[in-house]
Amino acid sequence: MLGRVEAPRAPLAEYDQGLAWSAILLATLGLVMVYSASIAMAEGARHTGGSPTYFLARHALFLAVSLVAAMLAFQVPMRAWQRAAPWLFVAGVALLALVLVPGIGREVNGARRWISFYVANLQPSEFMKLAAVLYTADYTVRKSAVMDSLGRGLAPILAVILAVGWLLLAEPDFGAFVVISATAMAILFLGGMNGRWFAGLIGLAALGFVALVLASPYRVQRIFGFMDPWADAFGKGYQLSHALIAFGRGEWFGVGLGASVEKLLYLPEAHTDFLLAVIAEELGFAGVAAVIGLFGWIVFRAFVIGRQAALAGRHFAALVAQGIGTWLGVQGFINMGVNMGVLPTKGLTLPLMSFGGSGILANCVALAILLRVDWETRQLARGLPA
Amino acid sequence: MRLAAAPAADVRLPAWRARVLVALFAAALAVLLGRAAYLQGMKHEFLQAKGESRYSRVIEIPANRGRILDRNGEALAVSTPVKSIWAIPDEVRLDGAQAEALAKLLGVPARELRKRLEDTERDFVYLKRQVAPEVADRVAELRIPGVFQSREYRRYYPGGEVMAHVLGFTGVDEVGQEGIELAFQGELAGRPGSRRVIKDRMGRIVEDVESIRAAQEGRDVVLALDSRIQHLAFQHLRDAVAQHRARAGGIVVLDAATGELLALANLPTYNPNNRAQLAGAQLRNRAVTDAFEPGSTLKPFTVALALDTGRVRPDSTIQTAPGSLTIGPATIRDAHPAGALTVRQVIQKSSNVGSAKIALGMPAETMWALFDDLGFGAPPRTGFPGEASGKLRPAKTWRPVEQATMSYGHGISVSLVQLARAYTVFARDGELVPVSLVRLASPPPARRVLSSGTAREVRAMLEMAVQPGGTAPRAQIMGYRVAGKTGTAHKQENGGYAPNKYISSFVGFAPVSHPRLVIAVMLDEPSAGEYYGGAVAAPVFSQVMAGALRLLGVPPDAPMTPIELPAPGAEVKESV
């Protein structure tokens, strides 16, 4: 009955082509912009051997590997993902703990976020984002009967999220903590959690956030830098002031691909956290609007796919789809907000676009799962087994 | 168990909650869009100004310094490209053999080189400035990472010590310090241009935004100097200074028709291309910056004034016996008492008493006015830096004895350039021309100081002075008629006259029938025995004048017969 309601008149496509193309477009633009943003840095740095294509080659390789991983992930039925969810989550927690062990975790700029393998570095927090989505969705579905009960429903999952948060803050990786917390809360909210408790939790989270900021001086500094980057433009506000200059230089249509000045060693992290600033400078408002639009479309499609799965009674799949949409949306919003000085500076990459193997891989697998949810729903609508 | 009993999806996953989240995302993305539009469409000018203050720089485009050329176009001072070798110590990677090769090429001790390269605190160190291009090429062949070269210019003076004082020199940054280089700094230097560029954070230029001002190349300066005559003058002066063991010497050659400075040399001198060890004495452009008491070379002006004002005629008799003249407490003496002399003979024999007697017949103001007309007591304004004006006291303060001594060049001081210029009055029928350092297209306006008749009469007397029976027969030149006057003066020392230190000079011109060149020669403290101007300075005049007239192709105005010199011991010694 539900399938008939949603059945379109035209023959149904096998998968959500608009979503797939949006993701491919973002990833391709990301590859081009990572190259553009990193040339000057790659030429000047010693660890790259002065090769201008150092980051381009690696990013292309990451994308290729991620594409293969995504195709494999697409083959996995949602039932299997649900069964694996607790184990994936346990594995993620183990990796997060492992990264804190001296000698195993690799420290860069005072943060211990990477586990070094011989060929590449693994960033466990990126996989934790995916595992958290799967696990929270699974938990919400499994415990739906007791979700009104504080002790049996809500408290355990909150404790687990807090534990993961504690591990993330120990690295520290404040950005990942915010994304994972927000995504988990969103899934609980979507899963029908008690409204009053939710409101109470939001209030508590806000209080906790304030306490956290006050307890860590470097985060306070970051917040002051964000309020008025020009007050200390060569100190705390340095990064943001250069990002804003990049936006201003770009105007409506940009200075042209490759013509950014800010990427010439002025703007730190131009190829990772501040990739959008380089897009803003080289491609202008048009480029920024395109990126915002594509992210908006992906998030919107994720919620639509989730809704359709929910209507088909596939609750785990529905929550996973909307969780993935929330994750990409929150992380994209925070990254872009940071680039524009709307949010305080924190280390978060732009999903699908920024340089970084673990992030790209996790994002691509997540999108594959999203497409899988959609595909299964369509299969059901045709009366085929999912 | 209500939920488990009612498995309707829209109950367990309330649709409105998803809509709330979608709406939140839409709002968030709208905020981002609005913020981007605000930053890129409204605040862009402010942001761009902030950006420009960080990476836009105005850089200077250096202007090439002009050459200094002689009147025939020969280059006397040129800027040659050289390289400066510098390094970024942090980036330098070199092995022992390379270090040794580099040290050897640059001529810097290996230890010193290593010390500079170990200073990794600094981003930039010069290893050696102004290296010849060939050496720089060989340094480049070593291919040492972190060692770089930049192009610079170095001033080169092909004439070396011969022209040192005329040309002067520049500092490392190519700014004139002395001589023509300083006098014509404005023309030679040109004006550096400037461009606005964008630099990356390492300071490398990545974009040329706009030209603010184009560089204006320095102009070439064409001097009046004739380098052939300059070489001639320098060589003969050097030989004379050596021969007479003089402390110093100077020579000035002027074109009588135009006042152009054809040559000017001083000793001691220096090599402007290697100024490692420079002493003050070598640097002095004595002919311009030092005034001295000229002695008898001023007598012709006294006589000329007396002739011009009708007080004497060339054949008027002046009684010089007994060879001395007492004025108040002072006594003026002639070296060889001569009895009654005509005015002509006063010049020819250079009699102090005769000259003093002629002078005392004239008001002080008249004499002062003539000296002033001749340019004594005021800088000659040739443009040379540090010109001496010489000493000429106001006539009101003159005592009679001073008026008498000034008539034969004591109690008054002049520079060699002033003296040479004053003699253009005799060389060109009573007119004085200004001295010009640069080549002139046409003769400058001259100023009449004496009547042409007087000038011609004195010229005849000066011609007698260089003939046998005069004080400077050794100034004669075969084939040309020559005129001139010797000067031999005690040097002033500690407020008095030193008994055996002299300044010997000769000023003259040729050919007398149509004077072409004026040459003034001065030797300071000749100490090899001879010290009379006729014996020390006159031969230099003769050699330089003869050579210069031939170089210029001036037709002879006298028979090509060997010149007559008086028998040894029979020379006429001037009074000192």
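1. Looking at the overall build of chain A
A count of helices and strands for chain A gives 13 helices and three strands. Expressed as a percentage of its 386 residues, the buried residues of chain A come to 55%. Long-range pairs, those at least 24 residues apart, make up 70% of the contacts in chain A between residues at least 6 apart in sequence.

2. So, the packing of aromatic side chains
A complete count under the given rule lists 21 aromatic pairs over all chains for this structure. The interplanar angle of 90 degrees and the centroid separation of 5.1 Å between the aromatic rings of Phe55 of chain A and Phe355 of chain A together place this pair among those described as edge-to-face. Taken together, the residues span a long stretch of sequence, with Phe55 of chain A in helix H3 (residues 54–75) and Phe355 of chain A in the loop between helix H12 (315–340) and helix H13 (357–381) at a distance of 300 residues. Residue class for Phe55 of chain A comes out buried when judged on its relative accessible area of 5%. Ring geometry for Phe174 of chain A and Phe177 of chain A: centres 6.2 Å apart, planes at 35 degrees, overall tilted. Residue Phe174 of chain A and its partner Phe177 of chain A are both found in helix H7 (residues 174–190); the two are separated by three residues, about one turn of the helix. Look at Phe174 of chain A and you get buried, because its relative accessible area is 8%. Overall, Phe177 of chain A belongs to the buried group, its relative accessible area being 19%. Here a set of aromatic residues connected by ring pairs shows up, and it is made of Phe301, Phe371, Phe376, Tyr423 and Phe426 of chain B.

3. Describing the nonpolar core
Judged by nonpolar contacts, the single largest core of 130 residues is most densely connected at Val291, Val320, Met336, Met340 and Met353 of chain A. Aside from chain neighbours lying at most four places away, what touches Met353 of chain A is Leu26, Leu29, Gly30, Val34, His59, Leu275, Ile279, Val291, Phe295 and Ile360 of chain A.

4. Regarding the sheet that holds strand S3 (residues 121–122) of chain A
Taking strand neighbours across the sheet as the criterion, the three strands line up as S1-S2-S3 (chain A) in an open arrangement whose pairing is antiparallel. The open sheet terminates on both sides in strands that have one partner only, identified here as strand S1 (105–108) and S3 of chain A.

5. Thoughts on the pairing of strand S13 (residues 324–327) of chain B
For a regular strand, side chains alternate in direction, first toward one face of the sheet and then toward the other. Residues and elements named next belong to chain B. Burial of S13 is one-sided: the residues Leu325 and Ile327 facing one way are buried, the residues Ser324 and Thr326 facing the other way are not. Bridge count for S13 against strand S14 (residues 330–333) is four bridges, and the pairing is antiparallel. By the bridge assignment for S14, Leu325 is matched with Ile332. Connecting S13 to the antiparallel partner S14 that follows it, the hairpin turn spans two residues, and Gly328 within it adopts a positive phi of roughly 60 degrees.

6. Looking at the interface of chain A and chain B
At the junction of the two partners, chain A supplies 59 residues and chain B supplies 46 residues. Of the roughly 4,400 Å² buried between chain A and chain B on both sides combined, carbon and sulfur atoms contribute 70%. Remark: the boundary between chain A and chain B carries eight residue pairs in polar contact (both at pLDDT 80 or more). Elements that contribute at least two residues to the side of chain A that touches chain B include exactly H7, helix H10 (238–250), helix H11 (275–311) and H12 of chain A. For the side of chain A that touches chain B, the class distribution of residues is 35 nonpolar, 19 polar and five charged.

7. Let's talk about the pattern of salt bridges
All names here are of chain B. All told, the structure shown has 29 salt bridges over all chains when counted by the stated rule. As a salt-bridge pair, Arg238 and Glu161 come within 3.7 Å of each other at their nearest N and O atoms. A residue pair is termed long-range when its members are at least 10 positions apart, and Arg238 in helix H11 (residues 227–243) and Glu161 in the loop between strand S5 (147–156) and helix H8 (164–167) qualify at 77 residues. The class of Arg238 is partly exposed, set by a relative accessible area of 37%. A salt bridge links Asp524 to Lys491; the shortest N-O distance between them is 3.0 Å. Of the two residues, Asp524 sits in strand S21 (residues 517–524) while Lys491 sits in strand S19 (residues 483–493), which places them 33 residues apart along the sequence. Here the two residues Asp524 and Lys491 agree in accessibility, since each one is buried. Salt bridges here are not isolated pairs; linked through shared partners, they connect Arg247, Lys491, Asp524 and Glu525.

8. A few points about a nonpolar patch on the surface
Residue and element names in this part refer to chain B. Residues Met478, Met560, Ile563 and Leu565 make up a contiguous nonpolar surface patch of roughly 380 Å² in combined accessible area. Its place among the elements puts Met478 in the loop between helix H20 (452–465) and S19. By relative accessible area, Met478 is classed as partly exposed at 40%.

9. Some details on H3 of chain A
Residues and elements named next belong to chain A. Taking 1.5 Å of rise per residue, the 22 residues of H3 would be expected to cover 32 Å, and the 33 Å separating its terminal C-alpha atoms lies within 8% of that figure. Buried within H3 are the following residues: Tyr54, Phe55, His59, Phe62, Leu63, Ser66, Ala69, Ala70 and Ala73. The buried residues of H3 occupy an angular sector of 140 degrees when the element is viewed end-on, so they sit on one face. In H3, those exposed residues whose orientation departs by more than 90 degrees from the buried face are Leu61, Leu67, Met71, Leu72 and Gln75. Check the buried side of H3 and you find it contacts helix H2 (17–44), helix H4 (78–98) and H13.

10. Topic: the sheet that holds S21 of chain B
Residues and elements named next belong to chain B. If you walk across this open sheet you meet the five strands as S10-S9-S21-S20-S19, and the pairing is antiparallel. With partners counted over all chains shown, the strands left at the sheet margins are strand S10 (261–267) and S19, one partner each. Averaged over all pairs of adjacent strands, the angle between strand axes in this sheet comes to 10 degrees, irrespective of strand direction. Sheet analysis places strand S9 (residues 248–255) next to S10, joined by six bridges and oriented antiparallel. The partner of Gly249 across the bridge, within S10, is Leu267. Of the strands in this sheet, S9, S19, strand S20 (496–510) and S21 are in contact with helix H22 (residues 538–552), which crosses S21 at around 150 degrees.

11. Section: the packing of H2 of chain A against H11 of chain A
Geometry of a packed helix pair, given as the angle between the helix axes and the separation of the axes. Residues and elements named next belong to chain A. With their axes 10 Å apart at the nearest point, H2 and H11 run at an angle of 155 degrees to one another. In this view, H2 runs roughly antiparallel relative to H11, as classed from their interaxial angle. The handedness of the crossing between H2 and H11 comes out as left-handed. On H11, the residues that touch Gly18, Leu19, Ser22, Ala23, Leu25, Leu26, Leu29, Gly30, Met33, Val34, Ser36 and Ala37 of H2 are Leu275, Val278, Ile279, Glu282, Leu283, Val291, Leu294, Phe295, Trp297, Ile298, Arg301 and Ile305. For the contact of H2 with H11, the per-class residue count stands at 18 nonpolar, four polar and two charged.

12. Things to note about the confidence of the model for chain A
Residue and element names in this part refer to chain A. When the pLDDT values of chain A are averaged, the result is 84; 91% of them are 70 or greater. The element-level mean pLDDT for chain A is lowest in helix H1 (residues 2–6), coming to 47, with H12 highest at 93. Counted against residues more than four places away or in other chains, residues 1–5, with its pLDDT under 50, gives two contacts.

13. Here we look at H20 of chain B
Residue and element names in this part refer to chain B. Here H20 contains 14 residues, and its C-alpha end-to-end distance of 20 Å stays within 8% of the 20 Å for a straight helix at 1.5 Å per residue. All buried positions along H20 are accounted for by Thr454, Ala455, Val458, Arg459, Met461, Leu462, Glu463 and Ala465. On its buried side, H20 packs onto helix H14 (299–308), helix H15 (343–349), helix H19 (416–427), S19 and S20.

Cut-offs applied
- Residues numbered from 1 in each chain as written.
- Chains lettered and ligands numbered in written order.
- Predicted model: local features only at pLDDT ≥ 70, side-chain atom pairs only at ≥ 80, totals over all residues.
- Heavy atoms only, no water.
- Helix = DSSP H or I, 4+ residues; strand = E, 2+ residues; numbered from the N terminus.
- Buried < 20%, exposed > 50% of the residue type's maximum accessible area, 1.4 Å probe, protein only.
- Contact = heavy atoms within 4.5 Å.
- Phe/Tyr/Trp six-rings, centres within 6.5 Å; stacked < 30°, edge-to-face > 60°.
- Core = buried A, V, L, I, M, F, W, Y, C linked by side-chain atoms within 4.5 Å.
- Pairing = 2+ DSSP bridges.
- Buried area = accessible area lost by both parts, 1.4 Å probe.
- Polar contact = N/O pair within 3.5 Å; in protein donor to acceptor, adjacent residues only side chain to side chain.
- Nonpolar A, V, L, I, M, F, W, Y, C, P; charged D, E, K, R; others polar.
- Salt bridge = Lys/Arg side-chain N within 4 Å of Asp/Glu carboxyl O.
- Patch = residues over 30% accessible without salt bridge, like charges linked within 9 Å, V, L, I, M, F, W, Y side chains within 5 Å.
- Areas by Shrake-Rupley, 256 points an atom, 1.4 Å probe, with all protein chains shown as cover.
- Expected span 1.5 Å × (residues − 1).
- Arc of directions from axis to C-beta.
- Axes fitted to C-alpha atoms, helices over the stretch in contact; angles between N-to-C directions.
- Parallel < 35°, antiparallel > 145°, perpendicular 65-115°, else oblique.
- Left-handed = near helix turned anticlockwise from the far one by under 90°.
- pLDDT = per-residue confidence, 0-100.

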